[in-house]
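# Close look at the chain arrangement
One letter stands for each residue in the lines below.
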Amino acid sequence: MNESVPSTRRRRGALATAVAALLAALSLPVTGAAAATGAPVPPVPSRYTQQRLAWQPCAEAPELECATMAVPRDWHHPKRGPDLSVAVSRHRADDPAKRRGTLLMAAGGPGGAGLLRPGSFVRAAPAVGAAYDVVGFDQRGVGRSTRPVCQTPEEFQDFFAGDFRDDDPAARARVIDDSRRLGADCARRSGGLLPFLTTEQTVRDLDLFRALLGERRITYYGPSYATMIGAYYATLFPRRVERMVLDSNVGFDGSWERFQLGQPMSFQRRFEEDFLPWLAARDDTYHYGATVAEAGAHWERRRAALHDGPLVDGALTVGPNQLDNGTVQAVYRASDGFPALATALTALDDWPGASPTARETARQVFGQYLSPGFLAEYFAVTCNDTPWTGDLDTWVARGRELTARWPLAGARTLAFAAVCATWPAPTAPRVRVTGAGLPPTLMLNSVHDPATYYEAARSAHRALRGSRLVTVTGSGDHGQYPGSNACVREVVESYLLDGRVPARDLSCPSPQSG
């Protein structure tokens with residue numbers, strides 16, 4: 001049926017009024033934002049707020065729509081410098097009649113790409129995908145968004161060369177020189193971009209995205225580093241949050257330095273208390289040792305052998321640092337990471353005699369852990385967000401102590417910290433997470449998570465007032481939703497779909513302990 005002209009004009013006028021009000025609201029300072037950061041919030045120029053997202057099917061995932069959003073390089077001086085591009089994506093709600101809003105999801109890292117994640121998320125959580133438009137993005141500095149440039153893959157090999165456990169003066173000097181060079185190369189090659197790759201700048205990108213989607217409030221899901229993005233967003237824009245799930249939490253209540261000093265303990269705990277018992281229980285399959293002590297000693301012998309003679313096969317080099325890095329990455333999730341690591345370890349024991357499948361697994365485990373692009377964003381965010389101790393003698397001493405106590409990840413302390421210790425002093429406003437004005441937030445964490453350790457999650461939970469912490473017992477997996485744990489799924493989906501908030505903190509046993 002055709003509408004009458006007066007009716008059409010009235011509806012268009014009402015729509016225009018609503019859009020104008022939304023854009024005006026975006027351009028005004030948000031109550032509490034300046035207090036949370038100690039920084040003024042200038043109006044947003046109309047060239048950003050009035051842009052239209054040109055949605056097209058994503059090339060790699062046609063079930064998603066993709067677009068590009070222009071954002072200021074510096075939200076605190078939005079008229080200065082060139083625009084940045086942020087790639088965004090969308091999966092429309094499968095059931096428009098029951099659509100309840102937009103769920104925005106972010107990726108971890110820092111350095112992880114999130115553009116295509118809504119597709120896998122909706123497949124794993126179909127009930128949520130039916131009720132929400134699920135949107136994602138590559139944050140500034142990542143993937144298809146404007147990125148920094150640090151080193152070529154060939155140059156980057158120097159950063160992980162050698163053995164981070166070596167404590168002789170020449171080895172320490174090399175580590176520090178390589179870390180300084182990485183930071184200097186990032187600054188020299190990135191055209192002034194680095195100071196603006198921060199979590200605080202990213203959450204302002206997200207609020208522009210929210211406005212361009214026409215949403216007054218959003219629901220948010222974020223795992224790992226994305227919990228910090230979510231906590232910062234909730235702090236700066238609490239009244240624009242409907243619901244929020246933070247899964248496997250970084251210590252967003254403190255500094256990156258404090259949080260990362262705790263990771264050697266948690267990676268060692270996961271390795272010794274979860275992976276090695278799993279491996280020893282399968283000695284008939286992997287022949288790596290029938291007890292935890294035997295399997296651990298076997299791993300150390302292999303590391304010592306790689307120190308004396310790294311394995312080199314074409315583009316693959318596996319030395320002690322690569323063994324550490326591959327092991328660190330593999331213990332994030334037991335179901336796929338443990339078998340892959342065990343297969344790769346057996347391949348290293350007899351490389352010429354290993355099957356092609358085992359050798360390919362070893363290439364995946366030990367040859368693809370980190371990249372120059374990932375670490376460019378990782379260091380930009382972690383070095384820029386919060387201050388670092390700049391005294392390298394302190395980091396030499398800390399590295400020696402952490403290597404002695406928790407060598408798996410402790411050995412890389414000096415290499416990683418020296419990048420931020422020699423980085424220019426951060427200028428990003430500090431964000432103090434409190435939870436003020438925020439609806440109840442759901443937090444998930446396993447007790448043996450190696451990367452986002454439980455102790456930091458508890459501290460972040462205390463800082464985020466009104467949050468509920470779901471502790472996953474008997475598990476060390478990183479990332480709890482969506483997954484196989486029926487208890488976690490029930491709690492999360494009751495919250496997202498029906499608004500049911502747990503009355504208090506609770507525990508969910510993992511399937512293997514249940």
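See the structure above.
Here is what the cut-offs are and how they apply
Residues numbered from 1 in each chain as written. Predicted model: local features only at pLDDT ≥ 70, side-chain atom pairs only at ≥ 80, totals over all residues. Heavy atoms only, no water. Helix = DSSP H or I, 4+ residues; strand = E, 2+ residues; numbered from the N terminus. Buried < 20%, exposed > 50% of the residue type's maximum accessible area, 1.4 Å probe, protein only. Disulfide = S-S within 2.5 Å. Right-handed = clockwise from strand over helix to strand, strands pointing away. Contact = heavy atoms within 4.5 Å. Salt bridge = Lys/Arg side-chain N within 4 Å of Asp/Glu carboxyl O. Expected span 1.5 Å × (residues − 1).

### Considering unusual backbone geometry
Looking along the chain, the bond that leaves Gly109 and enters Pro110 is cis, with omega of 0 degrees. Relative to the assigned elements, Pro110 resides in the loop between strand S4 (101–105) and helix H4 (117–124). Across the junction of Tyr481 and Pro482, the peptide omega takes the value -15 degrees, indicating a cis bond. With respect to the secondary-structure elements, Pro482 resides in the loop between strand S11 (468–473) and helix H21 (486–498). Non-glycine residue Ser224 carries a positive phi angle of around 60 degrees. One can find Ser224 in strand S6 (residues 218–224). Judged by its relative accessible area of 12%, Ser224 is buried. Within the chain, His287 stands out as a residue other than glycine whose phi angle is a positive 55 degrees. With respect to the helices and strands, His287 occurs in the loop between helix H11 (283–286) and helix H12 (292–308).

### A short note on the state of the cysteines
One pass over the structure, following the stated rule, counts 4 disulfides. In this model Cys383 forms its disulfide with Cys420; the gap between the sulfur atoms is 2.0 Å. Handedness of the Cys383-Cys420 disulfide follows from its S-S torsion of about -85 degrees: it is left-handed. Here Cys383 is found in helix H16 (residues 372–385), whereas its partner Cys420 is found in helix H19 (residues 413–421), with 37 residues between them in sequence. Of the two residues examined, Cys383 and Cys420, each falls in the buried class.

### Digging into the pairing of S11
When you tally the buried positions in S11, you get 5 out of 6 residues, the bulk of the element. Following the backbone out of strand S10 (residues 442–446), through helix H20 (residues 454–463) and into the adjacent parallel S11, one traces a crossover that is right-handed.

### Some details on the side chain of Thr471
Tracing the backbone through its elements, the reader meets Thr471 in strand S11. We classify Thr471 as buried; its relative accessible area is 8%. Apart from the residues within four sequence positions on either side, Thr471 is in contact with Asn445, Val447, Tyr454, Leu506, Ser507 and Cys508.

### What to know about the pattern of salt bridges
Taken as a whole and assessed by the stated rule, the structure comprises 33 salt bridges. Across the pair Arg270 and Asp274 runs a salt bridge whose closest N-O atoms are separated by 2.8 Å. Separated by 4 residues within a single helix, Arg270 and Asp274 lie in helix H10 (residues 256–280), roughly one turn from each other. For Asp274, a relative accessible area of 17% gives the class buried. A salt bridge links Glu490 to Arg500, with the nearest nitrogen and oxygen atoms 3.8 Å apart. Of the two residues, Glu490 is situated in helix H21 and Arg500 in the loop between H21 and strand S12 (506–509); the sequence distance between them amounts to 10 residues. A relative accessible area of 48% places Glu490 in the partly exposed class. Within the structure, one salt-bridge network assembled from shared partners comprises Arg270, Asp274, Arg333 and Asp477.

### Concerning helix H7 (residues 169–189)
Here H7 is 21 residues long and its end C-alpha atoms lie 30 Å apart, about the 30 Å a rise of 1.5 Å per residue gives. Within the sequence span of H7, burial applies to Ala171, Val175, Ile176, Asp178, Ser179, Leu182, Gly183, Asp185 and Cys186. Among the structural elements, H16, helix H17 (392–405) and H19 are those in contact with the buried residues of H7. Positive phi appears at Gly191, one or two residues downstream of H7, with a value of about 60 degrees.

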